[in-house]
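Below are the chains, spelled out letter by letter.
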Amino acid sequence: MSVFTRSRTTTVLGGIALIGASALVLAGCSGGGGGSSETTPPTEERDLTMKIGTILPQTGTLAFLGPPEEAGVGLAAADINDAAKGITIPDIVWGDSGDTDNKAYATTIQKLISEKVSAAIGAASSGVTKLFLDDAVAAGIITFSPANTSLDFTTWDDNNLYWRTAPADTLQGEVLGNLVAEDGHENVAVLYQNDSYGTGLNKVFQDTFTSSGGEIVAEQSYNTGDTNFDAQISAILASNPDAIALITFDEIYTIGPALIAAGYPAEDLYLVDGNLKNFGSDEKWPAGVSMEGAKGTTPAGPAPDTEFQGRLNEWWTGEGNPELTDFSYANEAYDAVVLLALASLAANSTDPADIAGKLQEVSGGSGDGEKCDNFADCADIILGGGVADYDGFSGPITFDENGDPTEATIGVFQYGADNLYTRIDL
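## Points about the packing of helix H1 (residues 66–83) against helix H9 (residues 330–347)
Geometrically, a packed helix pair is captured by the angle between its two axes and the distance between the axes.
And then number 1: Viewed as axis vectors pointing N to C, H1 and H9 meet at an angle of 35 degrees, and their least axial separation amounts to 7 Å. With respect to the hand of their crossing, H1 and H9 are arranged in right-handed fashion. Across from Pro68, Glu69, Gly72, Val73, Leu75, Ala76, Ala77, Asp79 and Ile80 in H1, the residues of H9 making contact are Ala330, Ala333, Tyr334, Val337, Val338 and Ala341.
And then number 2: Each residue belonging to the contact of H1 with H9 can be placed in one class, and the counts come to 12 nonpolar, one polar and two charged.

## Looking at the pattern of salt bridges
Pairing is possible between side chains that carry opposite charge, provided their charged atoms lie close to one another.
And then number 1: Tallying each qualifying case throughout the model produces 14 salt bridges.
And then number 2: By sharing partners, the salt bridges in this structure join Asp250, Lys277 and Lys284 into a single network.

## Structural notes on the sheet that holds strand E6 (residues 52–55)
Two strands in a sheet stick together by hydrogen bonds in their backbones, pointing the same way (parallel) or opposite ways (antiparallel).
And then number 1: Strand order in this open sheet of five strands is E8-E6-E9-E10-E11, and the pairing throughout is parallel. At either margin of the open sheet sits one strand with a lone partner, and together these are strand E8 (92–93) and strand E11 (162–164).
And then number 2: Packing against the sheet, helix H3 (residues 126–139) makes contact with E6, strand E9 (119–122), strand E10 (142–145) and E11, and its axis sits at approximately 155 degrees to E10.
And then number 3: The strands touched by helix H10 (residues 352–362) within the sheet are E10 and E11, with E10 carrying the most contacts at an inclination of about 40 degrees.

## Examining the nonpolar core
And then number 1: Membership of the largest hydrophobic core comes to 54 residues, with the highest contact counts inside it found for Ile52, Val73, Ile142, Phe144, Leu340, Leu342 and Phe375.
And then number 2: Of the residues forming this core, the biggest block, 12 residues, is contributed by H9.
And then number 3: Ignoring any residue separated from it by four or fewer positions in sequence, one finds Ile142 in contact with Ser118, Ala119, Ala120, Leu161, Trp163, Leu340, Pro352, Ile355 and Ala356.
And then number 4: Counting residues in hydrophobic clusters, the runner-up holds 26 residues, among them Phe229, Tyr253, Leu271 and Leu276.

## Things to note about the pairing of strand E16 (residues 295–299)
Regular strands place their side chains on alternate faces of the sheet.
And then number 1: Summarising burial for E16: five of the five residues are buried, a large majority.
And then number 2: Burial of the side chains of E16 extends over both faces: Lys295, Thr297 and Pro299 are buried on one face and Gly296 and Thr298 on the other.
And then number 3: Here strand E15 (residues 269–271) pairs with E16 via two bridges, running parallel. Bridging from a neighbouring strand, Tyr270 pairs with Lys295 of E16.
And then number 4: In the sheet, E16 pairs with strand E21 (residues 410–415) via five bridges, with the strands oriented antiparallel. In the strand pairing of E21, Pro299 is matched with Ile410.

Parameters and conventions
Residues numbered from 1 in each chain as written. Predicted model: local features only at pLDDT ≥ 70, side-chain atom pairs only at ≥ 80, totals over all residues. Heavy atoms only, no water. Axes fitted to C-alpha atoms, helices over the stretch in contact; angles between N-to-C directions. Helix = DSSP H or I, 4+ residues; strand = E, 2+ residues; numbered from the N terminus. Left-handed = near helix turned anticlockwise from the far one by under 90°. Contact = heavy atoms within 4.5 Å. Nonpolar A, V, L, I, M, F, W, Y, C, P; charged D, E, K, R; others polar. Salt bridge = Lys/Arg side-chain N within 4 Å of Asp/Glu carboxyl O. Pairing = 2+ DSSP bridges. Core = buried A, V, L, I, M, F, W, Y, C linked by side-chain atoms within 4.5 Å. Buried < 20%, exposed > 50% of the residue type's maximum accessible area, 1.4 Å probe, protein only.

Printed below as a string of structure tokens:
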């Protein structure tokens, strides 16, 4: 049995490792003489200890993403330890990214560097990652985000040390633009956050929507830290849009209710990954404000895996934490850790540069690997001398040379009368 522990500033949680490590046995066949006999070809033994840390939002405008992302990281580490394939993650250095306003990331990244982690998992916000990425690169550690979508990272001077399992905003912007157009809207207003995330997603959305013949009748922005959006909301409503796209983070708690209070129909609101939340189970959402009919997009796996979500909840609630109400980017966080472990096995090293040099290969980016969909099976392929091609809960992934996934799925969701969203694109 492997034991996995976790601690952070606000809580202490003991994760539950699964029981029953499996033995590595690869059977081969050889023939000769008057008969044949089964043999077991030698495997490449490993004895690796990989240290990773997180820089994920425990506070700030994306704090709702912290629990599912941390659960994904923790469950992956427990699964890797339980598999007993020659690599362990005995401890995780947990840290808060905060946001660009409270700047918790500044302390966390220095802690992770001083702890000499091989990789930092995070941040969720593209804007936050941009503020510490150069420090991480200079220190020679991998930054692996499960949620960054800014287009800027594709060409970042990162010395091959930046990777992500979330697709760039090009894909989500195209899906959102097509969704709004296919719903029959022609005159759309946009309210977006003026940072790398908001501006990038807004541009792709507008390009896609206008190319289909639609018109952007109003465009308003706000800055991180703003709390009053009256001027932007008034300008948008004055343009008489038949739909409004809201590209925000936690500001949705103010903007959404204000639009509905002004008489704008919820079914003509469109949200994105930064603000798509289950408001029906959220104490911060004003009582009586209905989002029924509103739609939103977010990166998602090919289909919801209820068994996997149950395991995430089991890990997260092991020490009395409330159940997860959101699973956004849990898949991507889990896959990030599995890919790091597989790359470490393939390189037979925990050096960040060596791991980074194998990440594209174990994702299938080299084009010559054997498909596998869990850590243990992929590890067996590597230890048997083969090349593993991991397809995870977030999809096939298949990294390109820039560390971007080339295969991903954007889910479309819609709110019901209970203010909870369900997936409608399956």
